[in-house]
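# Observations on the model geometry
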Amino acid sequence: MAEAARKMDEAHQGQKGKESKYLTFTLGQEEYGIGILKVREIIGILEITMVPRTPEHIKGVINLRGKVIPVISLRSKFGIPEEEYTDRTCIIVVEILGNAGSIPIGIIVDSVSEVLSISGEDIEPTPNLGSALNTDYLLGLAKVKGRVKILLDIDRVLAADEESVFA
């Protein structure tokens, strides 16, 4: 655990003075961000084909221009109760680094907000939430316009799914 904290502090120090772009989106009342370089495209909700015997947060697969892409509900993955899809609900297609190389995965979010440039000075390290809570999937907390946005390491958020289901 101390090693993880040390690495996070080093990463945070490496961000000082740097500016990065993040695509921000909402899940419920919370705002999240993922590095823009991980985003391949944003699409509306398509017909999702359910795959039997997959975890509840894996909604199935979509056919995107002839390519089959797995789709995950971030609400369900994070333990947030599911709600009806609206006209603002969309799928963000991200590309994660997995054991088999680069893998496209769709994540369902309530709405996409904007692309923000966030400087390293505006990113706080993830607070220690106790040893029982794994926060390795968080890059940090960004302070933007008086609000806090949770910055996700999307590779780590989706890594367990890639290894267990899509390998």
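All of these numbers come straight from a predicted model, not from anything done at the bench. (Residues numbered from 1 in each chain as written. Predicted model: local features only at pLDDT ≥ 70, side-chain atom pairs only at ≥ 80, totals over all residues. Heavy atoms only, no water.)

This next bit is on the nonpolar core. Residues Phe25, Ile34, Ile92, Leu152 and Leu158 are the most contacted members of the largest nonpolar core, which totals 23 residues. Elements that contribute at least two residues to this core include exactly β1 (19-27), β2 (30-35), β6 (90-98), β7 (101-109), β11 (147-152) and α3 (154-164). When sequence neighbours within four positions are dropped, the list of residues in contact with Ile92 reads Leu23, Phe25, Ile34, Val39, Glu41, Ile42, Ile105, Gly106, Ile107, Val109 and Val112. Ranked by size, the runner-up nonpolar core spans eight residues in total, among them Ile43, Leu64, Ile69 and Val93. (Core = buried A, V, L, I, M, F, W, Y, C linked by side-chain atoms within 4.5 Å. Buried < 20%, exposed > 50% of the residue type's maximum accessible area, 1.4 Å probe, protein only. Helix = DSSP H or I, 4+ residues; strand = E, 2+ residues; numbered from the N terminus. Contact = heavy atoms within 4.5 Å.)

This part is about the sheet that holds β6. What the five strands build is an open sheet, ordered β3-β6-β7-β5-β4; its pairing is mixed. The sheet terminates laterally at β3 (39-44) and β4 (58-64), the two strands that pair on one side only. Between one strand and the next, the sheet's axes are offset by a mean angle of 35 degrees, whatever the strand orientation. Of the strand pairs in this sheet, strand β5 (residues 67-73) and β7 are connected by three bridges, and their pairing is parallel. (Pairing = 2+ DSSP bridges. Axes fitted to C-alpha atoms, helices over the stretch in contact; angles between N-to-C directions.)

A word on the environment of Glu31. Tracing the sequence through the fold places Glu31 in strand β2. For Glu31, a relative accessible area of 11% corresponds to the buried category. Placed 80 residues apart in sequence, Glu31 and Ser111 show a C-alpha to C-alpha distance of 9.7 Å. The residues touching Glu31, leaving out its near neighbours within four places in the chain, are Phe25, Thr26, Ser113, Arg147, Val148, Lys149 and Ile150. One polar contact links Glu31 to Lys149, side chain to side chain, over a distance of 2.3 Å. (Polar contact = N/O pair within 3.5 Å; in protein donor to acceptor, adjacent residues only side chain to side chain.)

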